[in-house]
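# Descriptive analysis of the structure
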Amino acid sequence: IDKYAQRDLKKGLHLYGTDGNIGLTNAWSIIQTDFRCCGVSNYTDWFEVYNTTRVPDSCCLEFSENCGLHSPGTWWKAPCYETVKIWLQENLLAVGIFGLCTAMVQVQFNINFHILLKC
């Protein structure tokens with residue numbers, strides 16, 4: 001599963017910054033900034049996307065405009081896939097409770113909505 005997930009995420013990197021993919025672009029930027037990581041396996045994943053030695057600015061240790069054009073010494077080294085996976089494993093209970101609560105709110109909303117429609 002890890003292998004397939006990483007492959008699909010790497011394919012998705014090619015949509016970063018393209019028209020109609022602002023959500024994906026923002027998600028990658030937030031993940032890389034908050035988790036202090038870069039790329040799926042490492043920062044070199046971005047080299048294939050840009051066809052050059054660069055990364056998005058969200059990979060930079062200190063954010064500045066076009067900092068992703070500088071040397072690898074200024075970029076996060078941690079792989080995002082492993083970093084996020086470890087975070088999810090450590091917070092599985094909280095993530096599960098959040099998901100369960102969200103589902104319960106949705107069910108209650110649907111019940112109330114159908115009751116209102118019948119009135």
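If you check an unreviewed UniProt entry, the chain appears there as Tetraspanin-4 from Fulmarus glacialis. Turning to the chain, the UniProt annotation filed under Subcellular location (unreviewed entry) states: "Membrane". Turning to the chain, the UniProt record has this under Sequence similarities (unreviewed entry): "Belongs to the tetraspanin (TM4SF) family."

### Regarding the pattern of salt bridges
All told, the structure shown has three salt bridges when counted by the stated rule. Taking the shortest distance from any N to any O, the salt bridge between Asp-2 and Lys-85 comes out at 2.7 Å. Taken together, the residues Asp-2 in helix α1 (residues 2–13) and Lys-85 in helix α4 (residues 80–90) connect sequence positions 83 residues apart. Note on Asp-2: relative accessible area 31%, which makes it partly exposed. Lys-85 sits in the partly exposed class, given a relative accessible area of 25%. Close ionic contact of Arg-7 with Asp-8 constitutes a salt bridge, the shortest N to O distance being 3.5 Å. Its relative accessible area of 41% is what places Arg-7 among the partly exposed residues.

### Quick notes on a nonpolar patch on the surface
A contiguous nonpolar surface patch, about 240 Å² in accessible area, is contributed by Trp-87, Leu-88 and Val-95. Relative to the helices and strands, Trp-87 is located in helix α4.

### Some remarks on the side chain of Asp-45
Tracing the sequence through the fold places Asp-45 in helix α3 (residues 45–50). Under the relative-accessibility criterion, Asp-45 is labelled buried at 9%. Beyond its immediate chain neighbours, meaning those up to four positions away, Asp-45 contacts Lys-10, Leu-13, Gly-39 and Val-40.

### Here's the deal with the state of the cysteines
Scanning the entire structure with this criterion turns up three disulfides. Each disulfide pairs two cysteine sulfurs, and for Cys-38 the partner residue is Cys-59, the sulfurs being separated by 2.1 Å. The sign of the 90 degrees torsion about the S-S bond sets the Cys-38-Cys-59 disulfide as right-handed. Here Cys-38 is found in the loop between α2 (22–34) and α3, whereas its partner Cys-59 is found in the loop between α3 and α4, with 21 residues between them in sequence.

Conventions and cut-offs
- Residues numbered from 1 in each chain as written.
- Predicted model: local features only at pLDDT ≥ 70, side-chain atom pairs only at ≥ 80, totals over all residues.
- Heavy atoms only, no water.
- UniProt positions renumbered as here; feature names shortened; annotations may be inferred.
- Salt bridge = Lys/Arg side-chain N within 4 Å of Asp/Glu carboxyl O.
- Helix = DSSP H or I, 4+ residues; strand = E, 2+ residues; numbered from the N terminus.
- Buried < 20%, exposed > 50% of the residue type's maximum accessible area, 1.4 Å probe, protein only.
- Patch = residues over 30% accessible without salt bridge, like charges linked within 9 Å, V, L, I, M, F, W, Y side chains within 5 Å.
- Areas by Shrake-Rupley, 256 points an atom, 1.4 Å probe, with all protein chains shown as cover.
- Contact = heavy atoms within 4.5 Å.
- Disulfide = S-S within 2.5 Å.

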